[in-house]
Amino acid sequence: MRLLTHNMLSSNIKGVANGFPLRIEVEKVVEKEVEINHDFLRNIFPKIDWKALSDASRIMGYHELPEEPPEPSVLEADIEFLRKFHHALLELHLEEGALLCPESGRKFPVNKGIPNMLLLEDEV
Amino acid sequence: MSYKIAQILLLSSHPEVYEPCDDSFALVDALLSDRKHLMEHKPVLCMEMGCGSGYVITSLMLMLGDEANGAQFIATDINPHAITVTRETMEAHGVHADLINTDIASGLESRLAGSIDLLVVNPPYVPTPEDEVGREGITSAWAGGENGRSVIDKILPVADKLLSERGWLYMVTLTTNNPSQICRQMMKKGYASRIFVQRSTEEESLHIIKFWRDIDMEADANNGVTNRKAAPPGIVDSVRSQIQRLSFWGGSDINNGTI
């Protein structure tokens with residue numbers, strides 16, 4: 001699971017009001033290089049919760065993203081920033097670990113890169 | 001000209017995972033036949049709900065290929081074996097989508113709302129007794145309850161929530177599912193639809209339907225309420241006068257070619 005997906009996932013347990021962002025427990029992170037696409041990064045930027053992404057990237061061992069969201073103009077001009085954004089969003093994979101509901105602490109395991117968000121009957 | 005799709009020989013498999021069959025092939029054929037428009041559409045986020053063997057999502061990624069302008073893909077399945085098989089199928093083809101083991105899009109609905117530009121679904125559409133719906137393993141790939149509509153009727157509101165303003169949905173249905181009623185239902189939510197591929201096999205008659213948001217239809221279905229709500233007053237007036245000028249207010253002249 002990449003941080004793009006982490007940024008789109010919330011705890012789905014019945015009754016949880018603030019299920020985002022899920023806390024990350026890291027056992028293993030892998031990095032896989034993918035080709036950078038500036039248009040994609042500019043298009044996806046407005047949908048990204050910056051704090052969730054920058055916090056998650058630090059937990060995954062990457063410390064290059066600023067804590068505060070950048071001005072949109074940075075996305076137009078700053079190639080170096082785009083590279084860092086790209087790396088955090090699309091190249092870091094949580095291979096083994098877990099996602100924790102920020103409210104209930106319920107643990108969603110991540111094995112072989114795949115989060116298991118299936119709920120028990122009394123959680124639906 | 002032919003485009004790359006997933007190769008059957010490279011597909012992974014598992015006894016509890018539905019293997020690609022006529023329905024999967026028909027869906028991929030529909031996507032292939034609309035490939036030119038998909039390229040022009042430039043989807044940013046693409047998704048498959050219920051990826052099964054991974055045949056469809058892998059084919060989609062391959063056919064959009066390097067020209068996909070960095071589009072990213074997410075796929076879900078309720079069956080953990082299907083997720084594993086999809087991962088192996090994708091790896092064998094050298095493509096990547098983020099996979100999530102979840103029911104329809106549970107956990108993604110709030111943050112992904114209004115963000116998916118391209119959604120593909122081959123739902124469990126086979127009419128079965130209601131108690132077979134929601135069972136584990138391969139049954140989840142086909143058991144559709146009464147008229148095969150139980151899961152489809154859960155998927156449609158989720159699709160409506162996830163699709164962006166310019167989002168497209170391609171979905172497999174069976175005649176028994178009453179596709180025309182599904183289209184009418186989606187029309188009320190502001191979607192135009194078109195049957196893309198119609199294919200009869202010995203066992204079933206399949207329709208692949210494409211849905212897309214149609215502003216005209218939305219205005220029509222809601223008597224313009226949506227437009228008025230969405231825009232500040234000054235703009236509303238100009239929108240309204242424009243709408244009246246284009247004369248689909250009454251709903252009789254939508255296809256006059258001026259829009």
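Higher on the page you've got the structure.
Residues numbered from 1 in each chain as written. Chains lettered and ligands numbered in written order. Predicted model: local features only at pLDDT ≥ 70, side-chain atom pairs only at ≥ 80, totals over all residues.

Colleague: Give me the lowdown on the overall build of chain B, citing residues and values where you can.
Modeller: Looking only at helices and strands, chain B features 10 helices and 7 strands. Across the 259 residues in chain B, those meeting the buried criterion constitute 46%. In chain B, the proportion of contacts linking residues at least 24 apart, taken out of those at least 6 apart, comes to 73%. (Helix = DSSP H or I, 4+ residues; strand = E, 2+ residues; numbered from the N terminus. Buried ≥ 20, exposed ≤ 12 C-beta atoms within 10 Å, placed from the backbone. Contact = placed C-beta atoms within 7 Å.)

Colleague: Got a sec to walk through unusual backbone geometry? Specific residues and values, please.
Modeller: The peptide bond linking Phe20(A) to Pro21(A) adopts the cis configuration, its omega dihedral lying at -10°. The phi dihedral of Asn69(B) falls on the positive side, at around 55°, and the residue is not glycine. By the element assignment, Asn69(B) lies in the loop between α3 (55–64) and β2 (72–77). In this structure Asn69(B) comes out as partly exposed when scored by C-beta crowding, with 15 C-beta atoms within 10 Å. Unusually for a residue other than glycine, Asn147(B) sits at a positive phi of about 55°. For Asn147(B), the position within the fold is in the loop between α5 (139–142) and α6 (150–162).

Colleague: Kindly report on the pairing of strand β2 (residues 92–100) of chain A, identifying the contributing residues and their values.
Modeller: Residues and elements named next belong to chain A. Where strand β1 (residues 23–31) meets β2, 8 bridges bridge the pair, whose relative direction is antiparallel. Looking at β2, one finds that Val30 is bridged to His93. Sheet topology places β2 next to strand β3 (residues 107–111); 4 bridges connect them, and they run antiparallel. Residue Leu99 lies in a different strand from β3, and its bridge partner there is Phe108. Linking β2 to β3, which pair antiparallel, is a turn of 6 residues; within it Gly105 sits at a positive phi near 80°. (Pairing = 2+ DSSP bridges.)

Colleague: Give a detailed account of helix α7 (residues 179–188) of chain B, specifying residues and quantitative values.
Modeller: For an α-helix, the turn length of 3.6 residues means that residues three or four places apart are oriented alike. Residue and element names in this part refer to chain B. For α7, every residue scored as buried is listed here: Pro179, Ile182 and Met186. Looking straight down α7, one finds its buried side chains confined to an arc of 55°; they lie on one side. Residues of α7 that are exposed and point more than 90 degrees away from the buried face comprise Gln181, Arg184 and Lys188. Residues of α7 that are buried make contact with α6, β5 (163–174), β6 (191–200) and β7 (205–213). Phi turns positive, to about 95°, at Gly190, one or two residues after α7. (Arc of directions from axis to C-beta.)

Colleague: Before we move on, can you summarise the environment of Ala159(B) with the specific residues and values?
Modeller: Residues and elements named next belong to chain B. Position of Ala159 among the secondary structure elements: in helix α6. What makes Ala159 buried here is the crowd of 24 C-beta atoms within 10 Å. With 88 residues separating them in the primary sequence, Ala159 and Ala71 have C-alpha atoms 19 Å apart. Apart from residues no more than four positions distant in its own chain, Ala159 is found in contact with Leu119, Val121 and Leu169.

Colleague: For the environment of Glu165(B), give the residues involved together with the corresponding values.
Modeller: Checked against the element boundaries, Glu165(B) lands in strand β5. With 50 residues separating them in the primary sequence, Glu165(B) and Ile215(B) have C-alpha atoms 9.2 Å apart.

Colleague: Could you give an account of the interface of chain B and chain A, with specific residues and numbers?
Modeller: Contacts between the two partners involve 21 residues from chain B, matched on the other side by 21 residues from chain A. Elements supplying a minimum of two residues to the side of chain B that touches chain A: β2, α4 (80–93) and β3 (98–101) of chain B. Sorting elements by how many residues they give to the side of chain B that touches chain A places β3(B) first, with 4 residues. For the side of chain B that touches chain A, a count of residues per class yields 8 nonpolar, 9 polar and 4 charged. (Nonpolar A, V, L, I, M, F, W, Y, C, P; charged D, E, K, R; others polar.)

Colleague: Can you explain the packing of α3(B) against α4(B)? Please cite residues and give values.
Modeller: Residues and elements named next belong to chain B. In the contact formed by α3 and α4, the axes pass within 9 Å of each other and the chain directions differ by 25°. As summarised for this structure, α3 and α4 are arranged roughly parallel, according to the angle between their axes. Seen from above, α3 lies across α4 with right-handed handedness. Touching Tyr55, Ile57, Thr58 and Leu62 of α3 are Thr86, Thr89, Met90 and His93, all from α4. Class assignment of the residues belonging to the contact of α3 with α4 gives a composition of 4 nonpolar, 4 polar and no charged. (Axes fitted to C-alpha atoms, helices over the stretch in contact; angles between N-to-C directions. Parallel < 35°, antiparallel > 145°, perpendicular 65-115°, else oblique. Left-handed = near helix turned anticlockwise from the far one by under 90°.)

Colleague: Could you give an account of the packing of helix α1 (residues 22–33) of chain B against α3(B), naming the residues involved and the relevant values?
Modeller: All names here are of chain B. Packing of α1 against α3 leaves a shortest axis separation of 10 Å and a crossing angle of 20°. Judged by the angle between their axes, α1 and α3 are roughly parallel. With respect to the hand of their crossing, α1 and α3 are arranged in right-handed fashion. Across from Ser24, Leu27, Val28, Leu31 and Leu32 in α1, the residues of α3 making contact are Tyr55, Val56, Ser59, Leu60 and Met63. Residues of the contact of α1 with α3, tallied by class, amount to 8 nonpolar, 2 polar and no charged.

Colleague: Tell me about α3(B), residues and numbers included.
Modeller: Residue and element names in this part refer to chain B. Counting buried positions over the 10 residues of α3 gives 9, a clear majority of the element. Residues of α3 that are buried include every one of Tyr55, Val56, Ile57, Thr58, Ser59, Leu60, Met61, Met63 and Leu64, and no others. Looking at the buried residues of α3, the elements they touch are α1, α2 (35–41), β1 (45–49), β2, α4 and β4 (116–121). Of the residues flanking the end of α3, it is Gly65, one or two places downstream, whose phi is positive at about 55°.

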